[in-house]
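Single-letter residue listing:
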Amino acid sequence: MNELPQQLANGLILGAMYGLIAIGYTMVYGIVQLINFAHGEIFMVGGFGALTVYLWMPDGFALGAAVPLMILGGIVVSVAVATAAERFAYRPLRGAPRLAPLITAIGLSIVLQQIVWMWYPDAKKDHPFPQFEGGPIDIFGASIQRGDLFVLIAAPLCMFALGLFVTKTRSGRGMQATAQDPDTAKLMGVNTDRIIVMAFAIGAAFAAIAAVAYGLKNGQVGFRMGFLMGLKAFTAAVLGGIGNIYGAMLGGIVLGVAESLATGYIGDIPGMDLFGGGAWKDVWAFTLLILVLLFRPQGLLGERVADRA
């Protein structure tokens, strides 16, 4: 029990990253009913964009001052890739059977991964990511690294800003209308193409912020990092209720905490010593997803945000 605060903190940090990425999945699905499996690679290129900005800075530049610029660089790269993918890969297939854009998304994921692997300097190995100096901070009995504080602050701020945008702005109401009925929204004067691009862009921006958090936490970024993180984030989106932006964050936190607790405690159960530790955390994450889908297939929160407008 003495380890419980630390395990909960670890799960919360991991879950906040999952949630930020999951919002991209859930926004795109809520509006165009598309599972964008390339979103994990959009997260990945955002990490490399942020790293590139840092490498361009003069030696001795303070990391605290560099992080906002790194976030901006990551967002620019992720949003550019996501909007280009929407325009040239997904929009021509908007009226096609659902299998066509799904296969396109998987192919685009592979293409983006290979582009970074081939063209980013020395991308065949993981690149070191800058770290904050100083030891961990003790908060309520949990030891939290300084880099991990970033995602604990960024995730709630992003959710609060997105909630205000969706409910209080004209574009946000346009998103809700497009999610409910795109044909009727178009007849009412809503530019649905612009709304869809906006959904891709917002999801990509959140993924870039998560990529910076990933780099600060793990001390490195690599061209493979998007696959598993994207898969976990998709799991979080389904867990919370696909199409529900608040559900995406809730699903991410539940998934992260469940992973952390399973890693820390499953091995202590009599007869379960072989199933504990970090090697099994992915298994327990997907086991949780299966259980939720069996007993609550619509996810934890279920309904789409658009349906509440």
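Just so we're clear, the structure is a prediction, and the values are computed from it rather than from any experiment.

S.K.: With reference to specific residues and values, describe the overall build of the protein chain.
M.R.: Within the protein chain, the regular secondary structure consists of 11 helices and 4 strands. Whereas a compact globule of 309 residues would reach a radius of gyration of roughly 19 Å, the protein chain reaches 19 Å, a difference of no more than 12%. Out of the 309 residues in the protein chain, the part that is buried amounts to 50%. Contacts in the protein chain between residues at least 24 apart in sequence constitute 75% of all its contacts with a sequence separation of at least 6.

S.K.: Quick one: what's the story with a nonpolar patch on the surface, residue by residue and with numbers?
M.R.: A surface patch of nonpolar side chains, about 550 Å² in accessible area, is lined by V111, I115, W117, M118 and W119. Structurally, the position occupied by I115 is in helix α4 (residues 99-119). By relative accessible area, I115 is classed as partly exposed at 42%.

S.K.: Can you lay out the packing of helix α1 (residues 4-32) against helix α10 (residues 245-265) for me, pointing to particular residues and giving the numbers?
M.R.: Two numbers describe how α1 lies on α10: the axes approach to 6 Å, and their chain directions differ by 145 degrees. Of the two possible hands of crossing, α1 and α10 adopt the one that is right-handed. Residues belonging to the contact of α1 with α10 are distributed by class as follows: 18 nonpolar, 10 polar and 1 charged.

S.K.: Break down the pattern of salt bridges for me, citing the residues and quoting the values.
M.R.: Scanning the entire structure with this criterion turns up 6 salt bridges. A salt bridge links R91 to E86; the shortest N-O distance between them is 3.0 Å. Among the salt bridges present, the one from D193 reaches R94, with a minimum N-O distance of 2.6 Å. Linking D193 in helix α8 (residues 192-218) with R94 in the loop between α3 (63-90) and α4, this pair joins segments that are 99 residues apart in sequence. Assessed through its relative accessible area of 37%, R94 is described here as partly exposed.

S.K.: Summarise the side chain of T192; cite the residues concerned and give the values.
M.R.: Position of T192 relative to the elements: it lies in helix α8. Aside from chain neighbours lying at most four places away, what touches T192 is T178, P182, A185 and K186.

S.K.: Describe the environment of E133, naming the residues involved and giving the relevant values.
M.R.: With respect to the helices and strands, the residue E133 is situated in the loop between β1 (127-128) and β2 (137-139). For E133 and V292, which are 159 residues apart along the polypeptide, the C-alpha to C-alpha distance reads 40 Å.

S.K.: Can you lay out the confidence of the model for the protein chain for me, pointing to particular residues and giving the numbers?
M.R.: Of the residues in the protein chain, 93% have a pLDDT of 70 or more, and the chain-wide mean is 90. The model gives residues 305-309 a pLDDT under 50, and that stretch makes 13 contacts with residues more than four places away or in other chains.

S.K.: Explain α4 to me, and be specific about the residues and the numbers.
M.R.: With 21 residues, α4 ought to run about 30 Å at 1.5 Å a step, and its terminal C-alpha atoms sit 30 Å apart, in line with that. Three or more residues of α4 are buried, namely P101, A105, L108, S109, L112, Q113 and V116. Each buried residue of α4 lies within a common arc of 130 degrees when the element is viewed along its axis, so the set occupies one face. Across α4 from its buried face, at more than 90 degrees, point the exposed residues L99, I103, I110 and M118.

Cut-offs used in this document
- Residues numbered from 1 in each chain as written.
- Predicted model: local features only at pLDDT ≥ 70, side-chain atom pairs only at ≥ 80, totals over all residues.
- Heavy atoms only, no water.
- Helix = DSSP H or I, 4+ residues; strand = E, 2+ residues; numbered from the N terminus.
- Rg over C-alpha atoms; globule rule 2.2 N^0.38 Å.
- Buried < 20%, exposed > 50% of the residue type's maximum accessible area, 1.4 Å probe, protein only.
- Contact = heavy atoms within 4.5 Å.
- Patch = residues over 30% accessible without salt bridge, like charges linked within 9 Å, V, L, I, M, F, W, Y side chains within 5 Å.
- Areas by Shrake-Rupley, 256 points an atom, 1.4 Å probe, with all protein chains shown as cover.
- Salt bridge = Lys/Arg side-chain N within 4 Å of Asp/Glu carboxyl O.
- Axes fitted to C-alpha atoms, helices over the stretch in contact; angles between N-to-C directions.
- Left-handed = near helix turned anticlockwise from the far one by under 90°.
- Nonpolar A, V, L, I, M, F, W, Y, C, P; charged D, E, K, R; others polar.
- pLDDT = per-residue confidence, 0-100.
- Expected span 1.5 Å × (residues − 1).
- Arc of directions from axis to C-beta.

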